[in-house]
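# Observations on the model geometry
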Amino acid sequence: MSLPAVLLAAGSSPSPSPSPSGSTAVTVPTLQDAQESATNAASWVEQNWSTWLAIGLRVLLILVIAGVLRAVVQRAITKLIDRMTRTAEAVDGTSLGGLLVNNERRRQRSQAIGSVLRSVASFVILGTAALMVLGAFQINLAPLLASAGVAGVAIGFGARNLVTDFLSGVFMILEDQYGVGDTIDAGVASGEVIEVGLRVTKLRGASGEIWYVRNGEVKRIGNLSQGWATAGVDVTVKGDEDLDRLKATLDEVAEKMSAEEPWNELLWSPIEVLGLDSVLLDSMVVRVSAKTMPGKSLTVERELRWRIKRAFDAANIRIVGGATAAEDEAGAADPTAAVAAPSALANPDSAQSAAASPIGAQRSAPK
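Every chain is numbered on its own, with residues counted from 1 as its sequence reads. Local features in this predicted model are restricted to residues whose pLDDT is 70 or higher, and side-chain atom pairs enter the listing and the counts only when it is 80 or higher, whereas totals over whole chains, interfaces and linings include all residues. Calculation of side-chain values draws on the structure's entire complement of heavy atoms; hydrogens and water are dropped beforehand.

## Regarding the overall build of the protein chain
Helix and strand counts for the protein chain stand at 10 helices and eight strands. Burial here depends on accessible area, computed with a 1.4 Å probe over protein chains only, as a share of the maximum for the residue type. Under 20% is buried, over 50% is exposed, and the range in between is partly exposed. Each of the 367 residues in the protein chain was classed as buried or not, and the buried ones make up 26%. A total of about 25000 Å² of accessible surface is found on the protein chain, and carbon and sulfur atoms cover 60% of it. We count a stretch as a helix when DSSP gives it H or I for four or more residues in a row; a strand needs E for two or more, and each element gets its number in order from the N terminus. Throughout, the Shrake-Rupley method with a 1.4 Å probe supplies accessible areas, and for residues the shown protein chains are the sole cover considered.

Pasting the structure below:
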């Protein structure tokens, strides 16, 4: 017996009689109604399957292209960062190598730049792919984009300090303003850089303390470890010293120090006697200066002061404030020894001394 005959027989069967209570009769779906529903569903699927297949293929294609593009871009960024690191390492040991940053600084800077570039590339590629997928489902993107814009503005105002710190950190790293191992003056704090982040920079101060400086708070940076440093020493001597003998002594100190190790490596220019920096009534200041390796100016200054002091002692040149010359002859009379105190109270029998005595002492004095 065929299915149409069965459905026809089922359709010709008598419907249930209404209940004697007079309530509303419940319509029971028949097999013919089920057949019609199934036929309509099959017809709808048959009419729209091509559309569904096209949407699915489009979404799959978008996801595949986005994944491949993201992988290619990240690989290219990684190769670029590796090439930058190898280029910096290739010049180590050359004359240019001393001006470059150390290995730890290069490593952290490369990692930070690579992380930022990869994150930006992933956000742009995956965000664009998500919008294209929603567009493939014929979803109106205008309200979504407007809401995202409003939310971005609200988040930007609420977290403006965080955004400022992040952007400042990105530009500091890209411009190589400082790195690990540099000694910087950031205004709010100064010290040696021990870690560079996108939001916070860690400094170790002169006393060993660690400063956490937000990148957005840094308005100006003084890097004391790039290029070269200047070691300057001011020598204050008596105003009647012989200038030619003074300059000859300083030139001898400079020549001897420049030829000895390790100062010949720390000094990047000859030590120069710049001349008189100031002249006073009883003293004059002579300035000595030299270019040094970055971060070694204080070390050179201390050694230079030490050598100048010893050379002046040997040459009998007096430094103001110090006993660098030979001692005065023994037995010389002190010119102030015979000078009395310029006060009437120094004489206990004077009227001023009696008037200044305590009242109790005046009463107890014998008449």
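## Re the confidence of the model for the protein chain
How sure the predictor is of each residue is captured by pLDDT, a score from 0 to 100. On average, the protein chain scores 76 in pLDDT, and the residues at 70 or more come to 72%. The secondary-structure element of the protein chain with the lowest mean pLDDT is helix H1 (residues 3-11), recorded at 44, while strand S4 (residues 210-214) shows the highest, at 92. This model gives residues 1-23 a pLDDT under 50, and the stretch forms four contacts once residues within four places in sequence are excluded. When checking whether two residues touch, look at their non-hydrogen atoms; a contact exists if any pair is within 4.5 Å. Counted against residues more than four places away or in other chains, residues 322-331, with its pLDDT under 50, gives eight contacts.

## Brief notes about the side chain of Asn223
For Asn223, the location among the structural elements is in strand S5 (residues 222-223). Polar contacts here mean pairs of N or O atoms no more than 3.5 Å apart (in protein, one a potential hydrogen donor and the other a potential acceptor; neighbouring residues in sequence count only if both atoms are side-chain atoms). At 3.0 Å, the side chain of Asn223 and the backbone oxygen of Gln177 are in polar contact. A polar atom in the side chain of Asn223 sits 2.9 Å from the backbone nitrogen of Ser225. If near-sequence neighbours (up to four positions away) are discounted, Asn223 is found in contact with Gln177, Tyr178, Asp182, Thr183 and Ile184.

## Examining the pairing of strand S8 (residues 283-292)
Burial analysis of S8 places eight of its 10 residues in the buried class, which makes it a mostly covered element. When strand S6 (residues 229-238) meets S8, the two strands line up antiparallel, connected through 10 bridges. From the neighbouring strand, Val233 faces S8, where its bridge partner is Val288. Pairing between two strands requires that DSSP report at least two bridges joining them. Turn length for the strand S7 (residues 272-279)-S8 hairpin, with the two strands adjacent in sequence and antiparallel, is three residues.

## A look at the pairing of S4
With five bridges joining them, strand S3 (residues 200-204) and S4 adopt antiparallel strand pairing. Opposite Leu203, over in S4, you have Trp211 as the bridge partner. Connecting S3 to the antiparallel partner S4 that follows it, the hairpin turn spans five residues, and Gly208 within it adopts a positive phi of roughly 95°.

## Points about the sheet that holds strand S2 (residues 190-196)
Strand order in the open sheet formed by five strands is S4-S3-S2-S1-S5, with antiparallel pairing between adjacent strands. Because the sheet does not close on itself, it has two edges, and the strands there are S4 and S5. Note: strand S1 (residues 183-185) against S2, three bridges, orientation antiparallel. Each bridged residue has a counterpart across the sheet, and for Ile184 the counterpart in S2 is Gly191.

## Things to note about the pattern of salt bridges
By convention in these notes, a salt bridge is any Lys or Arg side-chain nitrogen within 4 Å of a carboxyl oxygen on Asp or Glu. Counting across every chain of the model gives 11 salt bridges. Residue Glu195 is joined to Lys202 by a salt bridge in which the shortest nitrogen-to-oxygen separation is 3.5 Å. Close ionic contact of Glu303 with Arg307 constitutes a salt bridge, the shortest N to O distance being 2.8 Å. Separated by four residues within a single helix, Glu303 and Arg307 lie in helix H8 (residues 297-315), roughly one turn from each other. The pair formed by Glu303 and Arg307 is uniform in burial state, with each residue classed as buried. Several salt bridges converge on common partners, so that one network encompasses Asp165, Arg214 and Glu217.

## Description of unusual backbone geometry
A cis amide bond, omega 0°, links Glu261 with the succeeding residue Pro262. Secondary-structure assignment places Pro262 in the loop between helix H6 (243-259) and helix H7 (263-266). Even without being a glycine, Asp176 presents a positive backbone phi close to 55°. Positionally, Asp176 belongs in the loop between helix H5 (160-174) and S1. Note on Asp176: relative accessible area 23%, which makes it partly exposed. Here Asn316, not a glycine, exhibits a phi torsion of approximately 60°, which is positive. Inspection of the secondary structure assignment puts Asn316 in the loop between H8 and helix H9 (351-355).

## What to know about H6
Multiplying 1.5 Å by the helix residue count minus one yields the expected span of that helix. The terminal C-alpha atoms of H6 lie 25 Å apart, and with 17 residues this matches the ideal 24 Å at 1.5 Å per residue to within 8%. All of the buried residues along H6 are Leu246, Thr249, Leu250, Val253, Ala254 and Met257. Projection of H6 onto a plane perpendicular to its axis shows the buried side chains occupying an angular sector of 135°, all on one side. Away from its buried face, by an angle of more than 90 degrees, H6 presents the exposed residues Asp244, Glu252, Glu255, Lys256 and Ala259. Contacts from the buried residues of H6 go to S6, H7, S7, S8 and H8. Capping of H6 at its N-terminal end is provided by Asp242; its side-chain oxygen lies 3.3 Å from the backbone amide nitrogen of Asp244. To be clear, the arc concerns the directions from the helix axis to the C-beta atoms.

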